[in-house]
Each structure stands twice: as C-alpha cells, then as structure tokens.
Amino acid sequence: MNKNNIGLDKKEVVTVVGLGFVGSAMSVAISTSKNNMGKNNFVVYGLEQKNKKGKELVKEINKGIFPFKNEDLSLEKNLKKSVLNKSFTATTDNKIINKSDIVVVDIEFNIDKKNKDSKQNLKKFIKSISKIIFLMKKDSLLLIETTIPPGVCEKIIHPELNKILKIRSMPKDSISLSFSYERVMPGIAYLDSIKNFWRVYSGINKKSKLLCRKFLTKIINTKKYPLKELNKITEVETAKVLENTYRATNIALIDEWSRFSEMIGVDLYDVINSIKVRPTHNNIMYPGLGVGGYCLPKDPLLAEFSARNIFNFKRIKFPITNMALDINAKSPLELIKIIKKFFKNKIKNKRILVLGVSYKEDISDFRNSPTIEFCEKFRKHIGNIFCHDPYIEYKKERNIIFSPNLSQFKKSDVIVFAVKHNMYLKLNIIKYLRNSKALIIDTSKILNDSMKKKLKEKKIKIFSLGKGLN
Ligand SMILES: NC(=O)c1ccc[n+]([C@@H]2O[C@H](COP(=O)([O-])OP(=O)(O)OC[C@H]3O[C@@H](n4cnc5c(N)ncnc54)[C@H](O)[C@@H]3O)[C@@H](O)[C@H]2O)c1
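A quick note: this is a predicted structure, and the numbers were derived from the prediction, not measured.

Draft legend 1. Representation of the overall build of the protein chain. Check the secondary structure of the protein chain and you find 15 helices and 16 strands. For 470 residues, the compact-globule estimate of 2.2 N^0.38 gives 23 Å, and the C-alpha radius of gyration of the protein chain, at 24 Å, lies within 12% of that figure. Taking all 470 residues of the protein chain together, the buried fraction comes to 53%. A separation of at least 24 residues holds for 73% of the contacts in the protein chain among residues at least 6 apart in sequence. As presented, the protein chain carries roughly 23,000 Å² of accessible surface, and 55% of it is formed by carbon and sulfur atoms. Here the protein chain holds 89 positive side-chain charges and 46 negative ones, and the gap between their average locations is 2 Å.

If you want it as structure tokens, here you go:
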C-alpha cells in the first residue's frame, strides 16, 4: 500500500474491489482520469481476495502487467504508467477501504443454473458488501457495478447499510449508495469501451446520485456520451438484466434461422445485411456458434430470481427468456450434427481441429465458451479433438488438448473456425493445409471471399453457419 499518497495530496482515493476482467480495466480507467491541469484526479487501489488467485493478480498488476491477455495495447501501456506514477496499486489489504472516498465494487455475482432459487450466491455477495461497509468511512460513496438481480440494492443492501451504520454509531445514510452497471467490452477497444461509452446510473438518494454523477463524469467522456440518470436503483439493475436478455434472445432467434437457411441454401449473412439497412432492425445478430462469456448465459436468469426471491412473486415465469437460454446452450451441439451428417455418421476416427477457444474474439476469457461445450460433447463421439487459441496458453484445460501451433492443420479431417480472432482472419490457410482435403467449417464469416475462392479451387468443402455447404 502506498502510504505516501494518502493525506499528502488532495486527490480522492478510490478502491476498486475485485480485479477481474472488469475491475482491473476499470481501475486503469479511473487511474488515468485527469483534471484540467493534466493532473491525476484519483489515487486508485485495486483490492483482491487474499487467496492464491487474488495474490497472483495483485503481483501481476503491480509489475505493470495486465492480467488478461487481449488485443488492446493501450490498456497495458496505461496500466504501466499508472503503476509507475503510483496512481494505481493493487493490494489484498482491505484496510485501504477505510481510507477511501469512493469504493467501486466489481466482484462477481453467480447464479446456480441447476438450482435457480438458491440464495447461496446472494448471501455470499451480501456478506462481501457488508464487510466493505463495515470498513467504509463517513461521507464516502459505495458504487456497485456488479450485475445483480433487480431489487438487491434497495431491498437488501440499503437496509443492511443502515443497520451497519447504526452498529457503528454513525448517522443514517452517512455512506452514499449508488449503482451503475458496466458495459465494458473486453477485446480490441477494452479501455475505450469504459471511457467512451454511455452509462446509466442511480442512487439511493439525491446525494448518492450526485456523488455518482460527479465520479463518473471524471472518468467517462460525458460530453460525447452523456450519462443517463434513472429515478431508482432498481430501474438501473433492471436495465442491465434486460439489456443482456435482449441480446441473448436476439442470438437465439438467429440460431433457428441459421438452420433454416442452411436447409434451403440461402446465405443468411446477405439476408441479414439487407434487413440491417432499416434503422429499426440494424442490431439483428449474425449466425454463430452460440453464446459464451460470464454475462449472457447467466444474466437473463437474474430477473426470474429477483421476482421470485426478492419481490416474492413466486408464480412468475419468463418463457421467452428461458427458451432463449436453452437454445443458446444447445447451439454448439448443432455443429456436431453438421459434422456427423457430412461424414454420414462415420466420425469415430476423424481428427478435428478447432480454432478459437475464448468466448469472443481477441481476448483470453473462455468462461462458458461454446467451443469448450462443443469439444466436451463431441468427445463422446470421437477421440481426436485438438484446439488452438493464440490467447490461451494452457496446455490442457478442462480435458481439452491444446495444439500450441498450427501443425495439426494438415493432419485434420475437419477444421472449425470457431472464433474471429485477428490471427485467423489473416491466416494463409492454403499454406497450412498443404494437400489435405479437410472439411472447413466457418462459424462466423472468418474466411473472406478470396480465401473461400482459393479453397474451392482446391476442391475443399466449406460449411458456413447460416449458409450451408458450398
Ligand atoms: N466480463 C465482462 O465482460 C463483463 C461486462 C460487463 C459486466 N460484467 C459484470 O461485472 C462483474 C464482474 O465481472 P468480471 O468478469 O470482472 O468477473 P471476474 O470473476 O473476472 O472478477 C471478479 C473478481 O472479484 C474478486 N473478488 C470476489 N470477491 C471479492 C472480495 N470480497 N474482495 C475482493 N475481491 C473479490 C475475484 O477474486 C475476481 O478476481 C460481474 O457482475 C459481471 O457480470 C462483466
């Protein structure tokens, strides 16, 4: 902990709790915020758990190394600067909370998909928040960014806050409480997606809203991306859950249209592009292998959890949301059917190479990755499945065999382009294929037209999701 910064200068002290994919990038965004004189607005501390993973994250960050491999070079550059000029320090010592004017919470909130009404995850989350509140100083601001079931802040955290303040003999609401969800997009514009993007926020009272607004205005380019204040925190929590449910449902919708297009031989990309020109329809999704990442497979479940377990409407159902989640979960399995059909069910000794394991292009996050789902299920049918990913260094992850280079290319019967990593867009496939005649599966328009033409000239079959065999 860098004691020299505390008290010696007038910069506000911010602690970001949780240095995962969101918190580590948010810490960099806060620590690079400058005032009109070009001086740093904040001294930032990133707080992690005292376990092995937490300690490793802290060590990496304090060396100036961004802990999650990605394509955004500005992130590591800015992290290095912030660590060097001591505007950002990572720690596992929670005493720093007591010195902080603002505490930003970026820890996880999980939901048990097999036991959707289990309150264990909520209890764990509230326990962490309570510990933080016990350490916070008077007149400070608690800003929660974690995606949580609507109602958690108003119905649970706010009463808990005042209960703790009473125990600590502090005036009611003498710590402010606000909520503003993250829209960060890990990948090529990781840091930019925090600083240059719209934000929605609210607070438990006028003061909380004001402090939150003041804080976010110093980090986000609000001239170009004005902040949106909602009346109640529950509305902001709902906005995040609906935002992600909308996206997950949009993806599920296209899944069934992909199968239809493959059957009747139309190019769904061309169909979608012709629809997208209508401004009302311009965010229709393209075909793909399914949904992954930490957020989209779980966030849609938070509304049902909230209705049943926070607001006590036990009989409410979310049929569209649940069906969309179901379709998205099964989406990678469609690929198995496609491969089986191509080889007329004779796939036992086939060798498959899957390119891209992360859930999204140009990042190392493989939580709930559709590729992993595909590999695990496919393993039941055949034994020889290899994966490659330029961002994932593990030799073996969840029983997946990683191929460190592309040597498997020429030995494979099927090559699945699963993730649109920059590296795969530039790949000279012909060179790697040599004389092999593997079936190439393109899950998300990774191959460009000129590459497809060259492959066709070599009589190599390509199956594109949303288009079929050509
Ligand atoms: N990953 C994304 O792209 C993304 C985008 C928008 C919103 N979100 C939301 O942001 C939140 C965080 O997501 P994430 O991807 O960063 O998760 P993550 O699992 O990568 O990071 C959470 C971190 O918090 C730490 N942590 C947990 N409890 C703690 C405690 N009590 N004290 C200190 N540290 C603690 C964990 O060790 C972990 O490193 C989630 O609610 C998620 O849904 C994520």
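Draft legend 2. Local environment of the site of the ligand. The local shell around the ligand holds 24 residues, among which V22, E48, T147, K298 and R367 are the closest. Contacts to the ligand include F21, whose backbone N or O atom sits 3.1 Å from an oxygen atom. If the ligand stood free it would expose 830 Å²; the protein chains cover 91% of that surface. Elements represented by at least two residues in the shell around the ligand include exactly α1 (21-31) and α2 (52-62). Class assignment for the residues of the shell around the ligand results in 10 nonpolar, six polar and eight charged.

Draft legend 3. A look at the pairing of strand β13 (residues 414-417). Side chains V414 and V416 of β13 all project onto a buried face; the interleaved residues I415 and F417 project onto the opposite face, where all are buried too. Two elements, strand β9 (residues 351-355) and β13, share four bridges in a ladder whose sense is parallel. Bridging from a neighbouring strand, L355 pairs with F417 of β13. Two elements, β13 and strand β14 (residues 439-442), share four bridges in a ladder whose sense is parallel. For V416, the partnering residue across the bridge sits in β14 and is I441.

Draft legend 4. The arrangement of the pattern of salt bridges in detail. Applying the stated criterion across every chain, the model contains 20 salt bridges. Of the charged contacts in the structure, one is a salt bridge between E262 and R259, with a shortest N-O distance of 3.0 Å. Of the two residues, E262 and R259 are both situated in helix α8 (residues 233-264); the distance of three residues between them amounts to about one turn of the helix. In this structure, K467 engages D267 in a salt bridge whose closest nitrogen and oxygen atoms are separated by 3.7 Å. With K467 in the loop between β15 (462-464) and β16 (468-469) and D267 in the loop between α8 and α9 (268-276), this pair connects stretches of sequence that are 200 residues apart. Among the ionic contacts, a cluster of salt bridges with common partners joins K138, D139 and K207.

Draft legend 5. Representation of the environment of E48 in the model. Of note, E48 is situated in the loop between β2 (42-47) and α2. A relative accessible area of 12% places E48 in the buried class. Residues E48 and S369, spaced 321 residues apart in sequence, show a C-alpha to C-alpha distance of 25 Å. If near-sequence neighbours (up to four positions away) are discounted, E48 is found in contact with G18, L19, G20, G54, L57, V58, T91 and T92. Looking at E48, its side chain comes within polar contact range of the main-chain nitrogen of L19, at 2.8 Å.

Draft legend 6. Summary view of unusual backbone geometry. Despite not being glycine, D139 shows a phi value in the positive range, around 70 degrees. In this fold, D139 is placed in the loop between α4 (120-135) and β5 (141-144). In this structure, K459 takes a positive phi of about 65 degrees despite not being glycine. By the secondary structure assignment, K459 is in the loop between α15 (449-457) and β15.

Draft legend 7. Up close: the side chain of S31. Tracing the sequence through the fold places S31 in helix α1. In contact with S31, other than residues within four places in its own chain, are N40, V44, S82, S87 and F88.

Draft legend 8. Local environment of the side chain of D365. Relative to the assigned elements, D365 resides in the loop between β9 and α12 (370-378). Overall, D365 belongs to the buried group, its relative accessible area being 4%. Within the local environment of D365, its side chain forms a polar contact with the side chain of R367, the two groups lying 3.0 Å apart. If sequence neighbours within four positions are ignored, D365 has contacts with F21, S358 and Y359.

Draft legend 9. Local environment of the state of the cysteines. Taken as a whole and judged by the stated rule, the model has zero disulfides. The thiol of C295 is unpaired, and the distance to the nearest cysteine sulfur, on C153, comes to 17 Å. In this structure C295 comes out as partly exposed when scored by relative accessible area, which is 29%. Unpaired in this structure, C375 has its nearest cysteine sulfur neighbour in C387, at a distance of 3.5 Å. Residue C375 is classed as buried on the basis of its relative accessible area of 1%.

Rules used in this analysis
Residues numbered from 1 in each chain as written. Predicted model: local features only at pLDDT ≥ 70, side-chain atom pairs only at ≥ 80, totals over all residues. Heavy atoms only, no water. Helix = DSSP H or I, 4+ residues; strand = E, 2+ residues; numbered from the N terminus. Rg over C-alpha atoms; globule rule 2.2 N^0.38 Å. Buried < 20%, exposed > 50% of the residue type's maximum accessible area, 1.4 Å probe, protein only. Contact = heavy atoms within 4.5 Å. Areas by Shrake-Rupley, 256 points an atom, 1.4 Å probe, with all protein chains shown as cover. Lys, Arg positive; Asp, Glu negative; His and termini not counted. Charge placed at Lys NZ, Arg CZ, Asp CG, Glu CD. Near = heavy atom within 4 Å. Polar contact = N/O pair within 3.5 Å; in protein donor to acceptor, adjacent residues only side chain to side chain. Nonpolar A, V, L, I, M, F, W, Y, C, P; charged D, E, K, R; others polar. Pairing = 2+ DSSP bridges. Salt bridge = Lys/Arg side-chain N within 4 Å of Asp/Glu carboxyl O. Disulfide = S-S within 2.5 Å.

Remember that the coordinates give geometry; whether it matters functionally is a separate question.
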